[in-house]
Every structure is written in structure tokens, then in C-alpha cells.
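A closer look at the structure
Residues per chain, in single letters:
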Amino acid sequence: MGRYSKRYFELTIASLLFCSIALFACKERTSSFKTSNPVPVVSNSTLQKLLNGSGQQVDSLDLFNVSKALREVYANTSFKPLWVKQDDAFRSIVSLLSDMEALSDDGLNVENYKHKEIRRTFEKARIGKLSEEELAVFDTTCTYYYLQASRDLLLGRLDVRSVDTEWFHRNDTLWLANGFLYDSLYTANVYPELSLYKSKLTAYSRLKKERKKYTSLEEDLAYKAVRKGGALQLKDDEDKPILHPETIADEGEVKRIIAKYYSVALPEIDDSIVSYQLSIKDSLISKIDVNLERLRWLPQQLENVYLIVNVPAMDLFLNIDNKDTMHMRVVVGKKSRPTPAMNADMVNIVFNPTWTVPPGIMKKDIIPGMNKKGSAYLEKKGLAIYTHSGKPLNPDSVNVTRANFKNYVFRQPSGYKNALGRVKFNLPNKHSIYLHDTPSRSDFKKKNRTKSSGCVRVQHPRDMAGYILTKINKEENSKRFVDSLINKNKMVFVPLQKRIPVHILYLTATEDSAKQHIVYWDDVYNKDEAIALQLK
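Computed from a prediction, not measured in an experiment: that's the story for all the values here.

**Notes on the overall build of the chain**
- Along the backbone of the chain there are 19 helices and 15 strands.
- Within the chain, the fraction of its 536 residues that count as buried is 51%.
- Across the chain, every contact between residues at least 6 apart in sequence was considered, and the portion connecting residues at least 24 apart equals 71%.
- For the chain, the accessible surface area stands at approximately 26700 Å², while carbon and sulfur atoms represent 50% of it.

Spelled out as C-alpha cells, the structure:
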């Protein structure tokens with residue numbers, strides 16, 4: 001399913017709305033209509049002529065194309081208007097304008113949807129100052145930007161791969177806005193609110209709420225005082241600025257800020273610290289907007305049971321019925337080998353896994369290592385060479401290069417020195433990414449845990465395996481079961497009776513595990529700026 005480019009979008013607008021340029025100009029046009037004149041009836045022939053005359057050819061396979069959806073909805077109405085109707089006081093347009101204005105709370109620029117132009121034209125339409133042809137343009141314009149807004153809310157404003165080449169998470173939500181418009185607005189004469197297309201994830205609504213707090217600071221008395229260079233005086237609850245202690249590293253300062261905010265009897269806090277909190281408002285709003293967009297790249301809702309890895313947080317959560325039932329640290333890919341954002345289903349758990357070296361590590365690590373130290377390098381890493389049929393080969397008799405390495409299999413046997421440790425959580429995917437144990441346990445104590453070659457190392461793999469087998473496979477004594485499998489010292493596959501969706505995401509601002517507050521994380525792969533720039 002192709003998604004139109006920015007240039008294609010601009011060409012579509014130019015072609016479809018060519019005749020509306022004069023209508024939307026700031027300069028008043030001479031009109032023979034008076035306030036007392038009735039609104040002209042927009043005939044189906046006028047609408048059909050307008051749409052057929054746009055000259056834009058649309059790929060029938062592009063299910064996300066706004067122009068295609070526009071034509072479909074009017075074809076379903078036999079080219080009768082959706083918004084400009086007799087004797088309904090333009091009620092649906094009033095609702096549309098209100099909905100568009102609220103898009104700023106979603107981190108979207110309302111002028112991407114011609115909000116001002118539509119409002120200005122609406123004022124003319126409701127006093128009878130537009131001709132039938134102008135009303136036809138106005139009706140299709142309202143439809144176009146309703147469809148555009150609905151699509152952006154459901155699937156994201158930006159083309160994902162143009163701003164993040166490592167985002168592969170699927171969004172299989174169906175965009176059916178033209179059907180909603182026909183069924184609701186045309187058939188039932190009920191406006192279908194844009195909230196239909198917004199993410200249902202709790203993190204999305206909490207980020208929106210957080211954003212509103214920061215935007216409201218523009219009218220906050222304390223904020224205004226600090227901006228003018230004056231001393232900050234906190235007299236009552238109404239004067240208190242919105243403070244986020246998470247952004248200050250020193251624990252003592254955090255306590256003092258909280259004390260000041262809640263009027264607890266602790267030493268006075270310097271105005272400079274509060275000023276800092278207020279000064280970062282704009283950057284946090286931008287961070288929130290970026291992550292609202294990322295959440296729009298996901299399905300509207302996730303499953304009842306799923307596992308989520310947030311790469312910037314370097315944490316893992318097992319979520320059951322919207323509650324995080326298990327939480328642990330993880331090690332993710334280093335900057336040079338980032339862990340991609342993706343989704344896949346966990347299908348089995350492998351105990352005492354062997355490790356087959358993937359192509360990326362072969363080219364970046366193994367072949368250079370062999371070129372320097374030969375078979376001694378393989379021996380140090382515990383790697384053996386096999387044919388694809390499983391026949392072992394003598395490494396001294398094989399000349400492995402970047403051109404022929406795919407003719408061989410490099411494998412590390414099971415054991416405590418194995419790179420995958422004792423447990424592997426298998427989620428088949430084209431990126432060869434999975435979750436696993438590791439012999440390098442010291443990394444979990446570090447704040448910066450971007451240390452792997454892309455896969456996700458799990459802090460408590462035995463506990464997680466036992467918990468999953470208890471919840472999914474209904475094992476009565478999962479700990480004893482897990483220990484018995486590991487003690488066999490041979491590879492054992494345990495298939496899950498029900499697959500567990502795994503979502504590996506890149507979110508630098510999202511809700512905490514209790515789903516009560518927003519937590520901000522370092523942009524470890526420096527991805528936020530590209531998204532923020534395009535959202536502007």
C-alpha cells in the first residue's frame with residue numbers, strides 16, 4: 001500500500017483546489033449576493049464537473065490517497081454536497097472548525113488543514129455571499145481537509161521512512177474516513193468527530209494532557225514574571241508553574257522543587273532553578289509533539305497481552321489487560337547498530353540456545369577478526385564453521401571472505417559462554433531481532449545500556465520465561481520447569497500456546513509504568529530533531 005509523497009500531496013491540492021485560490025484570498029471579492037439572499041443550491045452536475053475537472057490521476061491501489069477518497073465519497077452521494085445543505089445552518093461545518101482548532105492539542109499545525117481559510121469562507125457562505133460554483137469548491141475543500149486530518153490522526157502526519165529509516169513497526173489500522181463521512185454526514189446528517197481517528201493508547205491521551213499544561217504556561221502569572229526578569233513569587237495554587245522534577249538530575253534539587261511546589265517546609269529554592277524549569281517549556285512541547293506523532297504510527301489500540309521494549313528507556317514491560325505486570329532493564333543496540341522499531345510475535349522460548357552469527361555481525365566483526373587472527377579468533381569466540389547441511393569444517397582449510405561467507409554457517413554451541421546465554425525468546429522477523437539472556441550481566445547496572453549489536457538483552461530472562469510459561473502455557477511450577485530445561489544443557493524449544501505480540505518502540509516521552517505521569521528519556525539515537533523539523 002503506497003503512501004503519497006509530499007510533492008504528490010502538493011500537486012493534488014493545487015489541482016483539486018485551483019479554482020478556490022481567489023475564494024480564499026484575504027482581499028474581499030465583489031459579490032452580487034446580499035445578506036438576505038438564500039444559500040444557492042449546489043447541484044450534483046456542478047460538483048461532478050469540479051471533481052472531474054481536477055485532472056489528477058490517482059493510483060487505484062493507493063488506499064491512503066486523500067484525493068481518491070474524496071472522489072469516492074462524492075461518487076457515493078451521486079455528487080451531492082456533504083456540508084453545504086439547505087436549512088441546516090451549516091452545523092457540520094461549525095463542528096469541523098471546532099475539531100480542526102483542537103488539532104493543536106495533538107501536536108498538529110492547524111493551518112496544514114486550511115483552518116483560517118475555511119473559517120473565512122464559512123463566514124461568507126452563511127450570509128449568502130458565495131455562488132453555486134464557489135459553494136461547490138467550499139464543500140469539497142471541507143471534505144478534503146477532513147479526510148486529510150483523519151488520515152494524519154490515524155496513520156501519522158509524516159511519511160515514516162523519510163524521518164526514521166529504522167522504524168518498521170506496522171500500522172495496520174484501516175482508514176475508512178470516506179465511508180464514515182457517507183454513513184454519518186450524508187445519510188444520517190450527523191458529523192463524525194475527528195476523535196474517531198485518534199490513538200486510543202493511554203500514553204497518547206496523557207501526552208496530550210501534558211502538552212496542554214505546558215501551552216497554558218503562556219498565561220501563567222509566575223511564568224510571565226520570570227520571562228520579564230522579575231523574581232518568582234509563589235503565593236497560591238493559581239500562581240504555581242508546572243514543574244517537572246524528572247528533568248533535573250540532582251536528587252536534592254528534585255526534592256527542593258517538589259517541596260516548593262507543594263509548599264512543604266524545606267529551605268527556600270532559588271528562582272534560577274524554577275526559571276530553568278520554565279525555560280525548557282518549548283523544548284518539552286516539541287518532544288511531546290514528536291512522540292504524539294510516533295504513537296500515531298502505531299495501531300489505535302494494542303492487544304490485551306503484549307510485551308513492549310522502549311529503546312530510549314532501555315526498559316521492558318509485559319502488559320496484561322493494560323497493566324504492566326513485569327518490568328526489567330534491557331540492553332539495546334549501540335548507535336552504530338541501532339535496535340529498530342518493529343513488531344513481531346513471540347512464538348517460542350529456546351533454552352540453551354546455540355547462536356548462529358547473522359550476516360551483519362559476520363561482515364562487521366567476524367571476517368575482520370579472522371583476517372587479523374585466523375582460526376585463533378574463532379576459537380576465542382567459541383565459534384565453529386559448518387556447511388549448510390550441518391557438516392563441520394576445519395577453519396584452517398576454509399578461506400572466508402565478504403564475497404563467500406554466506407556459503408558457510410558460523411555457530412556457537414550452547415553453554416554459559418554462549419552470546420545468547422541460557423534463554424532466547426524467539427520472535428521470527430526479517431531483521432533477525434530477538435530477546436535473549438547474556439553472559440555480560442554487568443551492563444544492566446549501567447545507565448547507558450546501548451551496548452548490543454541490535455538484539456535486546458534481558459535482565460531477568462529466567463524469571464520472564466517462567467512468568468510467560470505460567471500465564472500462557474499454564475505451567476504449574478514454572479521455575480522448576482525452567483530450571484529443569486536449563487540443566488539438561490542441550491537446546492530445547494518450548495512453543496507458546498498463544499503467541500505474544502512484541503512491540504519494540506522508540507519513544508523519548510511516554511507514560512510511566514503506573515500510567516500516571518509522563519517520563520522523558522534521552523534521544524539516544526538522535527532521532528527527534530528530524531521529526532520535529534518536519535512537523536513544523
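Here the narrative resumes.
**Some words on the packing of helix 5 (residues 91-101) against helix 6 (residues 115-125)**
- With their axes 10 Å apart at the nearest point, helix 5 and helix 6 run at an angle of 155° to one another. Relative to helix 6, the element helix 5 lies roughly antiparallel. At the point where helix 5 passes helix 6, the crossing takes the left-handed sense. On helix 6, the residues touching Ile 93, Val 94, Leu 97, Met 100 and Glu 101 of helix 5 are His 115, Ile 118, Arg 119 and Phe 122.

**A few points about the side chain of Asn 404**
- Mapped onto the elements of the fold, Asn 404 is located in the loop between strand 7 (392-393) and strand 8 (409-412).
- We classify Asn 404 as buried; its relative accessible area is 18%.
- Separated by 3.0 Å, the side chain of Asn 404 and the backbone oxygen of Asn 399 make a polar contact.

**A look at the nonpolar core**
- Trp 83, Leu 307, Phe 351, Ile 366, Leu 435, Met 464 and Ile 468 are the most contacted members of the largest nonpolar core, which has 134 residues in total.
- Ranked by residue count, the leading element in this core is helix 7 (residues 132-155), at 13 residues.

**Section: the pairing of strand 3 (residues 323-333)**
- As paired elements, strand 2 (residues 315-320) and strand 3 share 6 bridges and run antiparallel to each other. The residue of strand 3 that forms the bridge with Asp 315 is Arg 329.
- Here 2 bridges tie strand 3 to strand 11 (residues 450-452), and the two strands are oriented parallel to one another. Looking at the pairing, Val 332 lines up with Thr 450 of strand 11.

**Quick word on the pattern of salt bridges**
- Taken as a whole, this structure holds 23 salt bridges when the rule is applied.
- Across the pair Lys 212 and Asp 105 runs a salt bridge, and its minimum N-O distance is 4.0 Å. A residue pair is termed long-range when its members are at least 10 positions apart, and Lys 212 in helix 10 (residues 202-215) and Asp 105 in the loop between helix 5 and helix 6 qualify at 107 residues.
- Look at Asp 105 and you get partly exposed, because its relative accessible area is 23%.
- Taking the shortest distance from any N to any O, the salt bridge between Arg 449 and Asp 315 comes out at 3.5 Å. With a gap of 134 residues between them, Arg 449 in the loop between strand 10 (435-436) and strand 11 and Asp 315 in strand 2 connect regions that are remote in the sequence.
- Three or more residues joined by partner-sharing salt bridges are found here, namely Asp 106, Lys 198 and Lys 208.

**Re the confidence of the model for the chain**
- The pLDDT averaged across the chain works out to 82; a share of 78% of its residues lies at or above 70.
- Across residues 55-61, confidence stays below pLDDT 50; counting only partners more than four residues off in sequence or on other chains, it has 14 contacts.
- In this model, residues 261-274 is a region of pLDDT below 50 whose contacts with residues beyond four sequence positions or in other chains number 24 contacts.

**What to know about the environment of Glu 193**
- Structurally, Glu 193 is set in the loop between helix 9 (177-187) and helix 10.
- The sequence separation of Glu 193 and Phe 180 amounts to 13 residues, and the corresponding C-alpha distance is 9.8 Å.
- If we ignore the near neighbours within four places in the chain, the residues touching Glu 193 are Asp 99 and Tyr 146.

**With respect to a nonpolar patch on the surface**
- Residues Leu 174, Leu 176, Phe 180 and Leu 196 make up a contiguous nonpolar surface patch of about 380 Å² in total accessible area.
- Take Phe 180: it is sitting in helix 9.

**What about the packing of aromatic side chains?**
- With the rule as written, the count across this model stands at 10 aromatic pairs.
- For the ring pair Phe 90 and Phe 122, a centre distance of 5.8 Å and an interplane angle of 90° mean the geometry is edge-to-face. You can see Phe 90 sitting in the loop between helix 4 (66-76) and helix 5 and its partner Phe 122 sitting in helix 6, a full 32 residues away along the chain. The two residues Phe 90 and Phe 122 agree in class, both being buried.
- An aromatic cluster is built from Trp 83, Tyr 146, Phe 180, Tyr 191 and Tyr 197, whose rings are joined through pairwise contacts.
- The ring centre of Tyr 386 lies 5.4 Å from the NZ or CZ of Arg 411, which sits over that ring.

**What about helix 5?**
- Those residues of helix 5 not exposed but buried are Ser 92, Ile 93, Leu 96, Leu 97, Asp 99 and Met 100. Across the axial projection of helix 5, the buried residues extend over an arc of 160°, all falling on one side.

**Things to note about the sheet that holds strand 5 (residues 355-356)**
- Pairing within the open sheet is antiparallel, and its 4 strands lie in the order 5-8-6-7. Edge positions in the sheet fall to strand 5 and strand 7, since each of these pairs with one other strand and no more.
- Bridge count between strand 6 (residues 384-386) and strand 8: 3 bridges; the pairing is antiparallel. By the bridge assignment, Tyr 386 is partnered in strand 8 with Val 409.

**Side note on unusual backbone geometry**
- With a phi angle near 55°, Lys 114 is a residue other than glycine that sits in the positive phi range.
- Structurally, the position occupied by Lys 114 is in the loop between helix 5 and helix 6.
- Overall, Lys 114 belongs to the partly exposed group, its relative accessible area being 28%.
- Even without glycine at this site, Met 314 takes up a positive phi of about 55°.
- You can see Met 314 is positioned in the loop between strand 1 (305-310) and strand 2.
- For Met 314, a relative accessible area of 7% corresponds to the buried category.

**A closer look at the environment of Lys 80**
- Within the secondary structure layout, Lys 80 lies in the loop between helix 4 and helix 5.
- Taking relative accessible area as the criterion, Lys 80 reaches 40% and is therefore assigned partly exposed.
- Lys 80 sits 59 residues away from Asp 139 along the chain, and the two C-alpha atoms are 9.7 Å apart.

Calculation notes
- Residues numbered from 1 in each chain as written.
- Predicted model: local features only at pLDDT ≥ 70, side-chain atom pairs only at ≥ 80, totals over all residues.
- Heavy atoms only, no water.
- Helix = DSSP H or I, 4+ residues; strand = E, 2+ residues; numbered from the N terminus.
- Buried < 20%, exposed > 50% of the residue type's maximum accessible area, 1.4 Å probe, protein only.
- Contact = heavy atoms within 4.5 Å.
- Areas by Shrake-Rupley, 256 points an atom, 1.4 Å probe, with all protein chains shown as cover.
- Axes fitted to C-alpha atoms, helices over the stretch in contact; angles between N-to-C directions.
- Parallel < 35°, antiparallel > 145°, perpendicular 65-115°, else oblique.
- Left-handed = near helix turned anticlockwise from the far one by under 90°.
- Polar contact = N/O pair within 3.5 Å; in protein donor to acceptor, adjacent residues only side chain to side chain.
- Core = buried A, V, L, I, M, F, W, Y, C linked by side-chain atoms within 4.5 Å.
- Pairing = 2+ DSSP bridges.
- Salt bridge = Lys/Arg side-chain N within 4 Å of Asp/Glu carboxyl O.
- pLDDT = per-residue confidence, 0-100.
- Patch = residues over 30% accessible without salt bridge, like charges linked within 9 Å, V, L, I, M, F, W, Y side chains within 5 Å.
- Phe/Tyr/Trp six-rings, centres within 6.5 Å; stacked < 30°, edge-to-face > 60°.
- Lys NZ or Arg CZ within 6 Å of the ring centre and 35° of its normal.
- Arc of directions from axis to C-beta.

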